[in-house]
There are 2 protein chains.
Amino acid sequence: MSRSPAPRRRATLASLAAELKVSRTTISNAYNRPDQLSADLRERVLATAKRLGYAGPDPVARSLRTRKAGAVGLVITEPLTYAFSDPAALNFVAGLAESCEEAGQGLLLVAVGPDRSVSDGTNSVLAAGVDGFVVYSAADDDPYLQTVLQRHVPIVVVDQPVDVPGASRVCIDDRTAMRELADYVVGLGHREIGLLTMRLGNERRVGDQASGVVSPDRLSDSRFHVQTERIGGVCDAMAGAGLDPATLTIVESCEHRPASGAAAAELALQTNPRITALMCTADVLAISAMDYLRAKGIYVPGQMTVTGFDGIPEALSRGLTTVSQPSLEKGKRAGRLLHSPPRDGLPVIDVLPTELVRGRTAGPPV
Amino acid sequence: MSRSPAPRRRATLASLAAELKVSRTTISNAYNRPDQLSADLRERVLATAKRLGYAGPDPVARSLRTRKAGAVGLVITEPLTYAFSDPAALNFVAGLAESCEEAGQGLLLVAVGPDRSVSDGTNSVLAAGVDGFVVYSAADDDPYLQTVLQRHVPIVVVDQPVDVPGASRVCIDDRTAMRELADYVVGLGHREIGLLTMRLGNERRVGDQASGVVSPDRLSDSRFHVQTERIGGVCDAMAGAGLDPATLTIVESCEHRPASGAAAAELALQTNPRITALMCTADVLAISAMDYLRAKGIYVPGQMTVTGFDGIPEALSRGLTTVSQPSLEKGKRAGRLLHSPPRDGLPVIDVLPTELVRGRTAGPPV
DNA sequence: ATGAAAGCGCTAACAG
DNA sequence: CTGTTAGCGCTTTCAT
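Residues numbered from 1 in each chain as written. Chains lettered and ligands numbered in written order. Predicted model: local features only at pLDDT ≥ 70, side-chain atom pairs only at ≥ 80, totals over all residues. Heavy atoms only, no water.

**Student:** Please clarify how unusual backbone geometry should be interpreted in this entry.
**Tutor:** With the exception of glycine, the majority of residues adopt a negative phi angle, and the majority of peptide bonds are in the trans configuration. All names here are of chain A. Cis geometry marks the peptide bond from Val 300 to Pro 301; its omega dihedral reads 0°. Tracing the chain through its elements places Pro 301 in the loop between α13 (283–295) and β10 (305–307). Phi is positive for Arg 67, close to 60°, though the residue is something other than glycine. You can see Arg 67 is positioned in the loop between α4 (59–66) and β1 (71–76). (Helix = DSSP H or I, 4+ residues; strand = E, 2+ residues; numbered from the N terminus.)

**Student:** So what exactly am I meant to see when it comes to the relation of the copies chain A and chain B here?
**Tutor:** Note on the identical chains: chain A maps onto chain B by a rotation of 180° and an axial translation of 0.1 Å, with an RMSD of 0.1 Å. The two molecules are tied by a two-fold rotation axis, judged by turn and shift. When each C-alpha of chain A is compared by its distance to the rotation axis, Leu108(A) comes out closest, at 2.1 Å. Taken together, the interface assignments show that 100% of the residues at the interface of chain A recur at the interface of chain B, consistent with an identical surface on both copies. (Least-squares fit on C-alpha atoms with pLDDT ≥ 70 in both. Contact = heavy atoms within 4.5 Å.)

**Student:** Help me out: how do you make sense of the pattern of salt bridges in this one?
**Tutor:** Residue and element names in this part refer to chain B. Taken as a whole and judged by the stated rule, the model has 36 salt bridges over all chains. The shortest N-O distance in the salt bridge between Arg 51 and Glu 19 comes to 3.1 Å. One end of the pair, Arg 51, is in helix α3 (residues 39–52); the other, Glu 19, is in helix α1 (residues 13–20), and 32 residues separate them in sequence. Classification of Arg 51 as partly exposed rests on a relative accessible area of 42%. (Salt bridge = Lys/Arg side-chain N within 4 Å of Asp/Glu carboxyl O. Buried < 20%, exposed > 50% of the residue type's maximum accessible area, 1.4 Å probe, protein only.)

**Student:** When you look at the protein's contact with DNA strand C in this model, what are you seeing that I'm missing?
**Tutor:** Taken together, 31 residues are adjacent to DNA strand C, and Leu13(A), Arg24(A), Tyr54(A), Arg65(A) and Ser23(B) come closest. Taking all atoms of DNA strand C within 4 Å of the protein, the share assigned to sugar and phosphate is 65%. Here a phosphate oxygen of DNA strand C and a backbone polar atom of Leu13(A) are 2.3 Å apart. For DNA strand C, a phosphate oxygen lies 2.9 Å from a polar atom in the side chain of Thr26(B). When contributions to the surface near DNA strand C are tallied by element, the ones reaching two or more residues are α1 (13–20), α2 (24–32) and α4 of chain A together with α2 (24–32) and α4 (59–66) of chain B. Ranked by the residues each element gives to the surface near DNA strand C, the list is headed by α4(A), at five residues. Residue composition of the surface near DNA strand C, by class: ten nonpolar, eleven polar and ten charged. (Near = heavy atom within 4 Å. Polar contact = N/O pair within 3.5 Å; in protein donor to acceptor, adjacent residues only side chain to side chain. Nonpolar A, V, L, I, M, F, W, Y, C, P; charged D, E, K, R; others polar.)

**Student:** Got a minute to help me understand the pairing of strand β2 (residues 106–109) of chain B in this structure?
**Tutor:** The two faces of the sheet receive side chains in turn, since in a regular strand these alternate between them. Of the two faces of β2(B), the one holding Gly106(B) and Leu108(B) and the one holding Leu107(B) and Leu109(B) are both buried throughout. One ladder, built from three bridges, connects strand β2 (residues 106–109) of chain A with β2(B); its direction is antiparallel. Residue pairing across strands places Leu109(A) opposite Leu107(B), the latter belonging to β2(B). By the bridge criterion, four bridges tie strand β1 (residues 71–76) of chain B to β2(B) in an arrangement that is parallel. Its bridge partner being in β2(B), Val72(B) is matched across the sheet by Leu107(B). (Pairing = 2+ DSSP bridges.)

**Student:** How should I be thinking about the sheet that holds strand β7 (residues 211–213) of chain B in this particular structure?
**Tutor:** Across a sheet, paired strands are connected by hydrogen bonds in the backbone, their directions being either parallel or antiparallel. Residue and element names in this part refer to chain B. Strand order in the open sheet formed by five strands is β7-β8-β6-β9-β10, with mixed pairing between adjacent strands. Two strands close off the open sheet at either side, each with one partner strand: β7 and β10 (305–307). Each strand of the sheet is rotated relative to its neighbour by a mean of 20°, with strand direction disregarded. The sheet contact formed by strand β9 (residues 277–280) and β10 spans three bridges and is parallel. Within β10, the position partnered with Leu 278 by the bridge is Val 306. Of the strands in this sheet, β6 (193–198), β8 (249–253) and β9 are in contact with helix α11 (residues 225–240), which crosses β6 at around 170°. In the packing of helix α13 (residues 283–295) onto the sheet, the strands contacted are β6, β8, β9 and β10, and the crossing angle to β6 comes to about 130°. (Axes fitted to C-alpha atoms, helices over the stretch in contact; angles between N-to-C directions.)

**Student:** Quick question: what am I supposed to make of the protein's contact with DNA strand D here?
**Tutor:** Around DNA strand D sit 30 residues in total, of which Ser23(A), Leu13(B), Arg24(B), Tyr54(B) and Arg65(B) are the nearest. Near the protein, within 4 Å, the atoms of DNA strand D are sugar or phosphate in 62% of cases. Between DNA strand D and the protein, one listed contact pairs a phosphate oxygen with a side-chain N or O atom of Asn32(B) at 2.9 Å. Take Arg62(B): an N or O atom from its side chain is 3.0 Å from a phosphate oxygen of DNA strand D. Listing elements by their share of the surface near DNA strand D, those giving two or more residues are α2 and α4 of chain A together with α2 and α4 of chain B. Of the residues belonging to the surface near DNA strand D, the class tally is eight nonpolar, eleven polar and eleven charged.

**Student:** I keep staring at the domain arrangement of chain A and nothing clicks. Help me out?
**Tutor:** Residue and element names in this part refer to chain A. Assigned domains of chain A: these are domain 1 (71–172 + 328–351) and domain 2 (174–325). When each unit is reduced to the centre of its C-alpha atoms, the spacing between domain 1 and domain 2 is 27 Å. In this assembly, 21 residues from domain 1 lie in contact with 17 residues from domain 2. Summed over both partners, the interface of domain 1 with domain 2 comes to about 1600 Å²; 55% of that surface belongs to carbon and sulfur atoms. In this structure, the connection of domain 1 to domain 2 is made through two salt bridges. With a closest N to O distance of 3.1 Å, Asp 140 and Arg 223 form a salt bridge. Summed over the shared surface of domain 1 and domain 2, the number is six residue pairs in polar contact (both at pLDDT 80 or more). In terms of residue class, the side of domain 1 that touches domain 2 is built from eleven nonpolar, three polar and seven charged. (Domains from an automatic or database assignment. Buried area = accessible area lost by both parts, 1.4 Å probe.)

**Student:** What is the right way to look at the nonpolar core in this model?
**Tutor:** Within soluble globular proteins, side chains that are nonpolar generally end up buried alongside one another. The biggest cluster of nonpolar side chains holds 150 residues, and the ones touching the most others in it are Phe84(A) and Phe84(B). With residues up to four places along the chain from it excluded, the contact list for Phe84(B) reads Phe84(A), Leu90(A), Val93(A), Ala94(A), Ala97(A), Leu90(B) and Leu109(B). Within the second largest apolar cluster, 38 residues are counted, among which are Val130(A), Val153(A), Val112(B) and Val135(B). (Core = buried A, V, L, I, M, F, W, Y, C linked by side-chain atoms within 4.5 Å.)

**Student:** Looking at this structure, how should I read the packing of helix α6 (residues 87–103) of chain A against helix α15 (residues 327–339) of chain A?
**Tutor:** To characterise two packed helices, one gives the angle between the axes of the helices and the distance between these axes. All names here are of chain A. Close contact between α6 and α15 brings their axes to 6 Å; oriented N to C, the two are set at 35°. The interaxial crossing formed by α6 with α15 has right-handed handedness. From α6, Ala 88, Asn 91, Phe 92, Ala 94, Gly 95, Leu 96, Glu 98, Ser 99, Cys 100 and Ala 103 reach across to α15, where they touch Ser 327, Leu 328, Lys 330, Gly 331, Lys 332, Ala 334, Gly 335, Arg 336 and His 339. Within the contact of α6 with α15, the residues separate by chemical class into eight nonpolar, seven polar and four charged. (Left-handed = near helix turned anticlockwise from the far one by under 90°.)

**Student:** Just to check I follow, could you spell out the state of the cysteines for this structure?
**Tutor:** Working definition of a disulfide: a covalent bond connecting the sulfur atoms of two cysteines. All names here are of chain A. Applying the stated criterion across every chain, the model contains zero disulfides over all chains. The thiol sulfur of Cys 171 is not disulfide-bonded, and the nearest other cysteine sulfur, from Cys 100, lies at 20 Å. No disulfide involves Cys 235; its sulfur sits 15 Å from that of Cys 280, the nearest cysteine. (Disulfide = S-S within 2.5 Å.)

**Student:** Any chance you could explain α3(B) here in plain terms?
**Tutor:** Side chains of residues three or four places apart in an α-helix project in the same direction, reflecting 3.6 residues per turn. Residue and element names in this part refer to chain B. Between its first and last C-alpha, α3 extends 20 Å over 14 residues, near the 20 Å set by a 1.5 Å rise per residue. Within α3 the residues assigned to the buried category are Leu 41, Val 45, Thr 48, Ala 49 and Leu 52. Buried residues along α3 cover an arc of 105° about the axis, so they all sit on one side. When the buried face of α3 is taken as reference, the exposed residues oriented beyond 90 degrees from it are Ala 39, Asp 40 and Lys 50. In this structure, the buried side of α3 is in contact with α1 and α2. Where α3 terminates, the next one or two residues include Gly 53, which has phi positive at roughly 70°. (Expected span 1.5 Å × (residues − 1). Arc of directions from axis to C-beta.)

**Student:** Help me understand the pairing of strand β4 (residues 155–158) of chain B in this model?
**Tutor:** Residue and element names in this part refer to chain B. Of the two faces of β4, the one carrying Ile 155 and Val 157 and the one carrying Val 156 and Val 158 are both buried. Judged from the four bridges that link them, strand β3 (residues 133–136) and β4 form a sheet pairing that is parallel. The residue bridging Val 135 from the neighbouring strand is Val 157, located in β4. With helix α8 (residues 143–150) bridging β3 and the parallel β4, this β-α-β connection has right-handed handedness. Where β4 and strand β5 (residues 168–172) come together, three bridges link them in parallel fashion. Each bridged residue has a counterpart across the sheet, and for Val 157 the counterpart in β5 is Arg 169. (Right-handed = clockwise from strand over helix to strand, strands pointing away.)

So, in structure tokens, the structure goes:
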């Protein structure tokens with residue numbers, strides 16, 4: 001009864017101890033503190049473990065005991081496929097992954113499908129066994145952000161200008177960066193400007209509704225501060241040049257798909273045919289918009305100025321005039337803030353630098 | 001003593017129960033089986049929870065009890081940054097993430113840095129609280145693969161032609177796919193062929209050693225079957241055309257970086273200047289090789305035929321002659337195999353189709 | 001509809 | 001170097 005070679009029941013640390021007639025501590029030590037027992041006792045333990053098919057201490061039980069999960073959770077409010085289609089977001093994830101790898105921590109991509117109810121028991125934010133969370137670019141009122149806050153674990157928010165109490169924050173100065181870019185565009189002489197932005201609300205419109213002209217109300221209701229700050233930067237620049245920001249044609253793209261920028265560009269030009277510059281809050285929008293313009297035979301920058309934001313490789317290689325931001329570094333910093341938090345335990349605000357890239361897609365208006 | 005609003009100690013299910021003078025079962029039910037108690041008792045529970053800052057059942061403790069972690073682990077033997085730089089690998093991850101999202105499961109990227117010792121207690125493969133693992137393109141003798149096998153959890157291996165006992169498998173027919181491509185190249189008249197491959201061994205050479213000509217011994221010792229199968233496909237085609245596969249110049253690229261293909265191409269052409277076709281086991285290698293050739297003023301396909309493997313978007317848009325494989329679908333399948341395993345519990349082998357893409361980078365030799 | 005009791009598998013003092 | 005003693009926080013029969 002004591003040494004059946006194929007126990008029907010999964011071997012545990014306790015069963016190993018019983019088999020070897022030693023205490024559980026000894027087994028535990030064999031795995032966790034090899035120096036605490038003689039080499040050959042350890043050998044015997046490992047050999048018996050192998051024979052019994054014992055894979056070592058159960059990670060979950062250990063987590064429960066030590067209160068460490070060995071992983072951090074990443075919450076992205078977009079469908080994960082978005083995170084994998086925008087190089088800027090992807091680079092952020094890569095940076096985060098890199099810092100996790102360095103720290104020997106896992107990175108748990110938390111499933112946050114649009115349809116998943118927030119409060120039900122299967123909520124994966126609540127179900128995630130992690131030591132902390134990184135929340136990427138959520139709206140202030142995002143229900144998942146609220147849930148994460150409830151969990152009372154360390155949190156780092158990224159691209160979330162508004163303060164989240166107790167959370168550290170990694171971001172850039174979106175408003176100033178965009179303002180510099182807009183200053184440049186306005187300085188070139190543009191007066192009628194179209195502004196293409198990502199979604200401003202938590203609801204998800206699709207299909208025909210995916211793009212829409214943004215009313216002042218919707219803009220002021222927006223809870224996506226990254227977008228509104230960038231828009232604000234453009235408004236600042238216009239106001240600074242004596243232009244009325246209300247003349248800006250803002251189009252929102254709710255779906256984030258490769259062709260979203262094209263649809264938004266079309267709507268913008270349709271809404272105001274006198275537009276001479278299309279500014280976009282993301283390079284992916286700008287690139288798609290340029291594809292649209294090319295298909296329409298509208299030359300950039302001859303007939304239309306186009307600008308982006310992010311500085312993704314494709315944008316840079318295509319000469320897009322844009323703002324370059326250190327997405328990878330954002331990810332690394334976010335991870336580091338979680339893995340080695342500041343001594344004093346106080347939240348940190350880490351504002352990373354950006355750089356205006358004067359590419360080849362901006363010129364004077366016709 | 002009973003209703004202090006800010007307990008120094010984290011609230012638990014038990015403390016809530018004590019506070020409300022109900023049993024733990026009731027609290028548990030309030031979260032997990034709302035229909036098992038009256039609506040207003042449930043309200044009271046939730047209200048008290050909020051007051052005490054109780055975020056709901058601890059995920060780790062629940063995992064221990066229920067033996068479910070709500071997440072699957074992904075083990076990639078490359079540094080994670082590789083997974084984020086090769087679109088083919090990335091697409092696979094995206095597909096896997098998508099199926100996890102659908103299933104409401106988390107996806108844990110397991111840290112498998114090169115320097116991390118396999119057997120130490122901090123081994124993140126052992127530390128991961130997951131319900132199953134996906135192992136992506138590891139060598140047969142990869143130590144992490146062995147570790148994962150020990151864990152006695154469901155496993156799906158991807159791009160791993162050799163059988164792993166008890167594991168399901170998602171793959172393509174690398175050998176046949178590459179053979180078709182090589183048949184095409186040989187059919188064009190090429191006799192001196194260079195073959196650029198990813199690393200064939202577990203050790204990691206860097207810097208000057210990163211690229212190297214592959215000896216027959218090293219080839220036969222290779223444990224990366226995806227690579228060796230693709231190489232085998234080329235050999236098959238040559239043999240089929242009456243050519244001696246031993247004349248193939250095989251260069252291995254151990255680092256996987258954007259410029260790796262260039263270095264490998266240079267070495268191949270240096271080793272055998274009569275090469276008229278460079279076949280690559282990955283599109284990223286081929287693209288980098290093409291960049292190198294362009295820089296050298298060598299025209300493709302006029303002076304050099306180049307082929308790839310994977311069918312990543314950039315390759316397709318650049319007209320690369322290659323084999324297209326459904327990377328995203330591989331990820332989805334792998335996930336599904338874990339989330340809803342076949343009834344009979346038997347391992348599944350899922351061979352996905354590939355397609356020969358006759359692009360614009362292959363032509364007759366000069 | 002609610003409660004009592006029995007662990008899930010492990011680690012961490014502390015004592016020998 | 002090894003064993004004893006207590007839990008970590010939760011779910012789940014089985015009663016009531």
